[in-house]
Amino acid sequence: QGVEVRFDWRVEGERILEARFLAYGCPYTLATCDWLVAQLAGRRREAPWPGDPEAWARALAIPLERLGRLLVVEDALRATLQAWSAMPRAGNALC
């Protein structure tokens, strides 16, 4: 089964104001994305998400056999952070 994840963040200055996601994957993938977007609002650029895939698996009681799917989620977060980092540091934007 494939997994595809994309995050969109509305940011202002150094903070995430709002986060959304589009995902195709198993229920564990969707639950992780849903949990993460609830955690992202108000976080700063230098620490935009809590923990790592292993911590998310523990927090959500996801079997470690599914860790590979959470690594795809982490890659999507990193891609969004990279897009944010490429933007000017002032103003309100969607990345």
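Above this text sits the structure in question.
Residues numbered from 1 in each chain as written. Predicted model: local features only at pLDDT ≥ 70, side-chain atom pairs only at ≥ 80, totals over all residues. Heavy atoms only, no water.

Some remarks on helix H1 (residues 27-40)
For the α-helix, the turn length of 3.6 residues means that residues three or four positions removed from each other point alike.
Okay, so step 1: Here H1 spans 20 Å end to end across 14 residues, near enough to the 20 Å set by a 1.5 Å rise per residue.
Okay, so step 2: Within H1 the residues assigned to the buried category are Thr29, Thr32, Cys33, Leu36, Val37 and Leu40. For H1, the buried positions fall inside an angular range of 130 degrees around the axis, keeping them on one side. Projecting away from the buried face of H1 at angles above 90 degrees are the exposed residues Pro27 and Ala38.
Okay, so step 3: Structurally, H1 contributes buried residues whose contacts are with strand E1 (4-12), strand E2 (15-24), helix H2 (53-59) and helix H3 (67-85).
Okay, so step 4: Positive phi shows up at Gly42, right after H1, with a value of about 90 degrees. (Helix = DSSP H or I, 4+ residues; strand = E, 2+ residues; numbered from the N terminus. Expected span 1.5 Å × (residues − 1). Buried < 20%, exposed > 50% of the residue type's maximum accessible area, 1.4 Å probe, protein only. Arc of directions from axis to C-beta. Contact = heavy atoms within 4.5 Å.)

With respect to the pattern of salt bridges
Okay, so step 1: On inspection of all chains with the given rule, the structure shows 6 salt bridges.
Okay, so step 2: Between Asp8 and Arg6 there is a salt bridge, with its nearest N and O atoms 2.8 Å apart.
Okay, so step 3: Judged by relative accessible area, which is 17%, Asp8 ranks as buried.
Okay, so step 4: A salt bridge links Glu14 to Arg45; the shortest N-O distance between them is 3.1 Å. (Salt bridge = Lys/Arg side-chain N within 4 Å of Asp/Glu carboxyl O.)

Quick notes on the pairing of E2
Okay, so step 1: Here E1 pairs with E2 via 9 bridges, running antiparallel. Looking at the pairing, Val5 lines up with Ala23 of E2.
Okay, so step 2: Between the antiparallel neighbours E1 and E2 lie 2 residues, among them Gly13 with a positive phi of about 60 degrees. (Pairing = 2+ DSSP bridges.)

Read these as layout, nothing more, since geometry by itself doesn't imply function.
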